[in-house]
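An overview of the molecular structure
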Amino acid sequence: MSMIRLRDGSLFVWSPVALTNSLRSAVDALGPVRHLVSPNALHHLSLGEWKSAYPAARLYASPRLRRKRKDLAFDADLGDAPAPEWADDIDQVVLRGSLALTEVVFFHRGSHTVLFADLIQNFPRGRFRGWRGIAARLGGIGAPNPGAPRDLRTSFLDRPAARAALRRVFAWPIERVLIAHGDLPIADDEAFVRRAFAWLL
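Numbers given for residues are sequential positions, taken from 1 along each chain in its written order. Local features in this predicted model are restricted to residues whose pLDDT is 70 or higher, and side-chain atom pairs enter the listing and the counts only when it is 80 or higher, whereas totals over whole chains, interfaces and linings include all residues. No hydrogens and no water enter the side-chain calculation; it runs on all heavy atoms of the structure.

**A word on the packing of aromatic side chains**
The geometry of an aromatic ring pair is captured by the separation of the ring centres together with the interplanar angle, meaning the angle of the planes. Within 6.5 Å between ring centres, the rings of Phe, Tyr and Trp (the latter by its six-membered ring) count as paired, and their orientation is classed by plane angle as stacked under 30 degrees, edge-to-face over 60, tilted in between. Throughout the structure, instances matching the rule amount to 8 aromatic pairs. Between tryptophan 50 and tyrosine 54, the aromatic rings sit 5.7 Å apart at their centres with planes inclined by 35°, giving tilted as the arrangement. Partly exposed describes any residue whose relative accessible area lies between the buried limit of under 20% and the exposed limit of over 50%, with all areas from a 1.4 Å probe on protein chains only and scaled to the type maximum. Among the residues examined, tryptophan 50 registers a relative accessible area of 0% and is labelled buried. Aromatic side chains phenylalanine 107 and tryptophan 172 sit 5.1 Å apart centroid to centroid with 15° between the ring planes, which places their arrangement in the stacked category. Here phenylalanine 107 is found in strand β7 (residues 103–108), whereas its partner tryptophan 172 is found in the loop between α6 (159–171) and β9 (176–182), with 65 residues between them in sequence. Numbering of helices and strands runs from the N terminus; a helix is a DSSP stretch of H or I covering at least four residues, while a strand is a stretch of E covering at least two.

So this is what it looks like as structure tokens:
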């Protein structure tokens, strides 16, 4: 999970995790929660919990998520253009082309930070043991070679659409990268992203 404080002082919550009492106290100290965002149809498990805790917050559906979570009343769908409420602070693009996963990639303008959920994974050596470690290496998600899992890569049948979205990503002045799975880069963050998508470029 990541959070961005917008210029109006409200909070944009990306990929919410389980809302414990201690987390809620920390969040409440930062500002009012106004936007609950799922970057893709896999990162959704705690959306309902957060919506119940913060009923005034708007709930945004990533592509394909409305069909998956019919129990949730989404306020809007995420697309290639940022919502007016955060457009001054955050840009975004939908990375299409996969039969399995469509992800909305976000870019925080103030910190020059790009956020990826499942399209970049970078697990450290030794994180997994035995066959899991072998699977992580063969799957292409182990440091020092970040990337999407190989099975996800094979689902990208419309690669021109994916490359078009990546061109928008690389037009951003990236200085930092946040990912949901694995270690963050410690330097050359834009190069880290380019290396992660070498299979597609």
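**Examining the pattern of salt bridges**
Each reported salt bridge corresponds to a side-chain nitrogen of Lys or Arg within 4 Å of a carboxyl oxygen of Asp or Glu. Counted by the stated rule, this structure contains 8 salt bridges. Ionic pairing is found between aspartate 89 and arginine 7, a salt bridge with its closest N-O pair at 3.3 Å. Here arginine 7 lies in the loop between β1 (2–5) and β2 (11–14) and aspartate 89 lies in the loop between β5 (76–77) and β6 (90–95), a separation of 82 residues in the sequence. Taking the relative accessible area as the measure of exposure, aspartate 89 reaches 9% and is therefore buried. Given a relative accessible area of 66%, arginine 7 falls into the exposed group. Across the pair arginine 66 and aspartate 77 runs a salt bridge, and its minimum N-O distance is 2.7 Å.

**Section: the sheet that holds β9**
The 4 strands are arranged β6-β7-β8-β9 in an open sheet whose pairing can be described as mixed. Looking along the sheet, the strands with just one partner apiece sit at the ends: β6 and β9. Put simply, the sheet's adjacent strands are angled 30° from each other on average, direction ignored. Pairing of strand β8 (residues 113–122) with β9, which is carried by 6 bridges, proceeds in the parallel orientation. The rule for pairing is simple: two strands pair if DSSP sees at least two bridges between them. Only the contacting stretch of a helix is used when fitting its axis, a line to C-alpha atoms as for every element, and angles between N-to-C directions run 0 to 180 degrees.

**A closer look at helix α7 (residues 189–196)**
Along α7, the residues classified as buried are Asp189, Phe192, Val193 and Ala196. The buried residues of α7 occupy an angular sector of 95° when the element is viewed end-on, so they sit on one face. Any pair of residues with heavy atoms lying within 4.5 Å of one another is described as a contacting pair. Its buried side turned inward, α7 meets β8, α6 and β9. Our arc is simply the arc of the directions from the helix axis toward the C-beta atoms.

**Details of the sheet that holds strand β3 (residues 33–37)**
Taken together, the 5 strands give an open sheet; going across it, the order is β1-β2-β3-β4-β5, and neighbouring strands pair in mixed fashion. Edge positions in the open sheet fall to β1 and β5, since each of these has one partner strand only. Looking at chain direction, β1 and β2 are connected through 4 bridges and run antiparallel. Each bridged residue has a counterpart across the sheet, and for methionine 3 the counterpart in β2 is valine 13. Packing of helix α1 (residues 21–30) onto the sheet brings it into contact with β1, β2 and β3, and relative to β1 it is tilted by some 20°.

**Overview of α6**
Since there are 3.6 residues in each turn of an α-helix, residues three or four apart along the chain are aligned in direction. Along its 13 residues, α6 runs 18 Å from first to last C-alpha, staying within 8% of the 18 Å computed at 1.5 Å per residue. Tucked into the core, α6 has its buried residues touching β6, β7, β8 and α7. Polar contact is the term for a pair of N or O atoms within 3.5 Å; when the atoms are in protein, one must be able to donate a hydrogen and the other to accept it, and sequence-neighboring residues count only if both atoms are side-chain atoms. At the N-terminal end of α6, a side-chain oxygen is found 3.3 Å from the backbone nitrogen of alanine 161, two or three residues along, and the residue is aspartate 158. A helix's residues, less one, multiplied by 1.5 Å, set its expected span.

**A closer look at unusual backbone geometry**
Of note, histidine 112 is a non-glycine position whose phi angle comes to about 60°, a positive value. Here histidine 112 falls in the partly exposed class, since its relative accessible area comes to 22%. The phi dihedral of aspartate 188 falls on the positive side, at around 50°, and the residue is not glycine. Structurally, aspartate 188 is set in the loop between β9 and α7.

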